[in-house]
Amino acid sequence: MQVTDADRRLLRHLQAEPDISNAALAERAGMTAATCTRRLEKLRQAGVIRATRVRIDWRALGYEVEVSLRVTLDKTNPRAFDEFLAAARDVPEAYEIQTFLGQVDVRLNILARDMAHYQAIYRDRILTLPHIADIEALMHVSDIKKHEALPL
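Residues numbered from 1 in each chain as written. Predicted model: local features only at pLDDT ≥ 70, side-chain atom pairs only at ≥ 80, totals over all residues. Heavy atoms only, no water.

### Some details on the packing of aromatic side chains
Here is step 1 of the chain: If you walk through the whole model with that rule in mind, you get two aromatic pairs.
Here is step 2 of the chain: On the numbers, 6.1 Å between centres and 85 degrees between planes, the contact of Trp-58 with Tyr-63 is edge-to-face.
Here is step 3 of the chain: Between Tyr-118 and Tyr-122, the aromatic rings sit 5.9 Å apart at their centres with planes inclined by 35 degrees, giving tilted as the arrangement. Here Tyr-122 and Tyr-118 lie together in helix 5 (residues 115-126), a separation of four residues that amounts to about one turn.
Here is step 4 of the chain: Given the relative accessible area of 8%, Tyr-118 is considered buried.
Here is step 5 of the chain: Note on Tyr-122: relative accessible area 24%, which makes it partly exposed. (Phe/Tyr/Trp six-rings, centres within 6.5 Å; stacked < 30°, edge-to-face > 60°. Helix = DSSP H or I, 4+ residues; strand = E, 2+ residues; numbered from the N terminus. Buried < 20%, exposed > 50% of the residue type's maximum accessible area, 1.4 Å probe, protein only.)

Following this line, the structure appears as structure tokens:
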């Protein structure tokens, strides 16, 4: 799909305010509501807009500890990646799982209520995952810049 300047205007405003009404979005983007609706539907059908999400403040729900675990797998087993990832998906506190090329194979981002909760997760869920050769834990301290919007 060819993304036009008008589409970029829509996407810019939608990124800034995902719950904006269609009428307000159309006005800000300088088009009619009907044109806005058609363009948004084309962007959805093309897969440019995949979803509209709700962002939850986990701290407001009592989750105070965020840890990024860098995992290196024992790659002597040809099924190490598949078996590790299948088991890691079952850890409910792992809100993000990423794979990498390089020294680190997988990163698990974990949310916990407090340090005691994190220690329980680590002992009972993380250390029981298969094929772990090494783990490095990085405790999240603060967000300096966290911007998910693209520079459209």
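So that's the structure; there's more coming.
### Thoughts on the packing of helix 1 (residues 5-16) against helix 3 (residues 33-45)
Here is step 1 of the chain: Closest axis-to-axis distance for the helix 1/helix 3 pair is 11 Å, and the angle between their directions is 85 degrees. Relative to helix 3, helix 1 is oriented roughly perpendicular. Every residue of helix 3 that contacts helix 1 at Ala-6, Asp-7, Leu-10, Leu-11 and Leu-14 is listed here: Cys-36, Arg-39, Leu-40 and Leu-43.
Here is step 2 of the chain: Its residues assigned to classes, the contact of helix 1 with helix 3 comprises seven nonpolar, no polar and two charged. (Axes fitted to C-alpha atoms, helices over the stretch in contact; angles between N-to-C directions. Parallel < 35°, antiparallel > 145°, perpendicular 65-115°, else oblique. Contact = heavy atoms within 4.5 Å. Nonpolar A, V, L, I, M, F, W, Y, C, P; charged D, E, K, R; others polar.)

### Regarding the layout of surface pockets
The gaps left among the atoms become clear once a water-sized probe is rolled over them.
Here is step 1 of the chain: One number sums up the size of the largest pocket: a volume of about 1600 Å³.
Here is step 2 of the chain: Lining the largest pocket are 36 residues, with Arg-53, Arg-55, His-147, Glu-148 and Ala-149 sitting closest to its centre.
Here is step 3 of the chain: Those elements that provide at least two residues to the lining of the largest pocket are helix 1, strand 1 (65-73), strand 2 (94-99), strand 3 (106-112) and strand 4 (132-139).
Here is step 4 of the chain: Of the residues that constitute the lining of the largest pocket, the class distribution is 19 nonpolar, six polar and 11 charged. (1 Å grid on protein atoms, 1.4 Å probe; cavity = no way out; pocket = protein on both sides within 12 Å on 5 of 7 lines; lining within 4 Å. Points joined across faces, edges and corners; volume = space filled by probe spheres on them.)

### Let's talk about the pairing of strand 1
Here is step 1 of the chain: Counted residue by residue, strand 1 has eight buried out of nine residues, so it is predominantly covered.
Here is step 2 of the chain: As paired strands, strand 1 and strand 3 are joined by seven bridges and run antiparallel to one another. Paired with Val-67 across the strands is Ile-110, a residue of strand 3.
Here is step 3 of the chain: Where strand 1 and strand 4 come together, seven bridges link them in antiparallel fashion. (Pairing = 2+ DSSP bridges.)

### Examining helix 5
Here is step 1 of the chain: For helix 5, the complete set of buried residues consists of His-117, Tyr-118, Ile-121 and Ile-126. Looking straight down helix 5, one finds its buried side chains confined to an arc of 100 degrees; they lie on one side. Among the exposed residues of helix 5, those oriented more than 90 degrees off its buried face are Ala-116 and Asp-124.
Here is step 2 of the chain: If you check the start of helix 5, you find a side-chain oxygen 3.2 Å away from the backbone N of Ala-116, and it comes from Asp-114. (Arc of directions from axis to C-beta. Polar contact = N/O pair within 3.5 Å; in protein donor to acceptor, adjacent residues only side chain to side chain.)

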